[in-house]
Amino acid sequence: KVCQRLGEFYYRVRKGIGFNKTPAEFGAFPTDPYSHNPRHAGAQQPGMTGQAKEEVLTRFGELGLRISGGALRVQPSLLRLREFVDEPRTFRFLNIDDTWQEVAVPRAGLAFSWCQVPIIYTLDANTDPGLTITCDDGKQQNFSGMQLPADISVEVFRRGGRIRQLNAVFGEGLLFAE
């Protein structure tokens, strides 16, 4: 109950800041990668705006990526159902070899990359939550639960190229209930 209430407050605050505002309301482009230029003053911060950096950081929190004891854990408790696609799509990403690649995203799926590894979430109420990694040799390894062992996680973190994809399957019950 407490986590649900905190999530409600989180989305209430999020609604009033950043990319949810027009440039006129914000006084600049909220995700401008160079500087924050409000109408009443010059550049307030060189480089990417603090707001844009915060959006990047909070987004990975919403997606549920956590690291504990060196292990990558998927805990999408702030992720909303509306983020998953209704129809299959293709996700384009820059892989670890700096080559543009495409991967299929199934219906009820969501894709993003992290450490240049594509991560695909798929909702399936009929399957126990679990993770599958695809290695550079094409072999796959399954893990029950939503955490990779630390020795596998480090392969993702160091961008060595051994881990080429991570798939997570879980039910809607792990998502934020709106």
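Please refer to the structure higher up on the page.
Residues numbered from 1 in each chain as written. Predicted model: local features only at pLDDT ≥ 70, side-chain atom pairs only at ≥ 80, totals over all residues. Heavy atoms only, no water.

Draft legend 1. How the structure looks around helix 1 (residues 2-15). With 14 residues, helix 1 extends 20 Å between its outermost C-alpha atoms, agreeing within 8% with the 20 Å of an ideal straight helix rising 1.5 Å per residue. Listing the buried residues of helix 1 in full gives G7, Y11 and R14. Down the axis of helix 1, the smallest arc covering the buried residues is 60°, so these residues share one side. Facing away from the buried surface of helix 1 by more than 90 degrees, the exposed residues are V2, L6, R12 and V13. (Helix = DSSP H or I, 4+ residues; strand = E, 2+ residues; numbered from the N terminus. Expected span 1.5 Å × (residues − 1). Buried < 20%, exposed > 50% of the residue type's maximum accessible area, 1.4 Å probe, protein only. Arc of directions from axis to C-beta.)

Draft legend 2. Representation of the sheet that holds strand 5 (residues 109-114). On the basis of which strands lie adjacent, the open sheet formed by 5 strands has the order 5-6-9-7-8 and mixed pairing. Bordering the open sheet on either side are strand 5 and strand 8 (140-144), each of which pairs with just one other strand. Averaged over all pairs of adjacent strands, the angle between their axes in this sheet comes to 20°, without regard to strand direction. In this sheet, strand 9 (residues 163-170) lies alongside strand 6 (residues 117-123) in parallel orientation, the contact comprising 5 bridges. The residue bridging I119 from the neighbouring strand is L166, located in strand 9. Contacts from helix 4 (residues 150-157) reach strand 5, strand 6, strand 7 (130-135), strand 8 and strand 9, with the element oriented near 120° to strand 9. (Pairing = 2+ DSSP bridges. Axes fitted to C-alpha atoms, helices over the stretch in contact; angles between N-to-C directions. Contact = heavy atoms within 4.5 Å.)

Draft legend 3. Quick look at the side chain of T134. Within the element layout of this structure, T134 appears in strand 7. At 3.1 Å, the side chain of T134 forms a polar contact with the side chain of Q140. Leaving out residues up to four positions away in the same chain, T134 has contacts with K139, Q140, R162, I163, R164 and Q165. (Polar contact = N/O pair within 3.5 Å; in protein donor to acceptor, adjacent residues only side chain to side chain.)

Draft legend 4. Fine view of unusual backbone geometry. One non-glycine residue, C115, adopts positive backbone phi at about 55°. Along the polypeptide, C115 turns up in the loop between strand 5 and strand 6. In this structure, R159 is a non-glycine residue whose phi angle is positive, near 55°. In this fold, R159 is placed in the loop between helix 4 and strand 9. The class for R159 is partly exposed, based on a relative accessible area of 42%.

Purely spatial values, then, with no claim about function.
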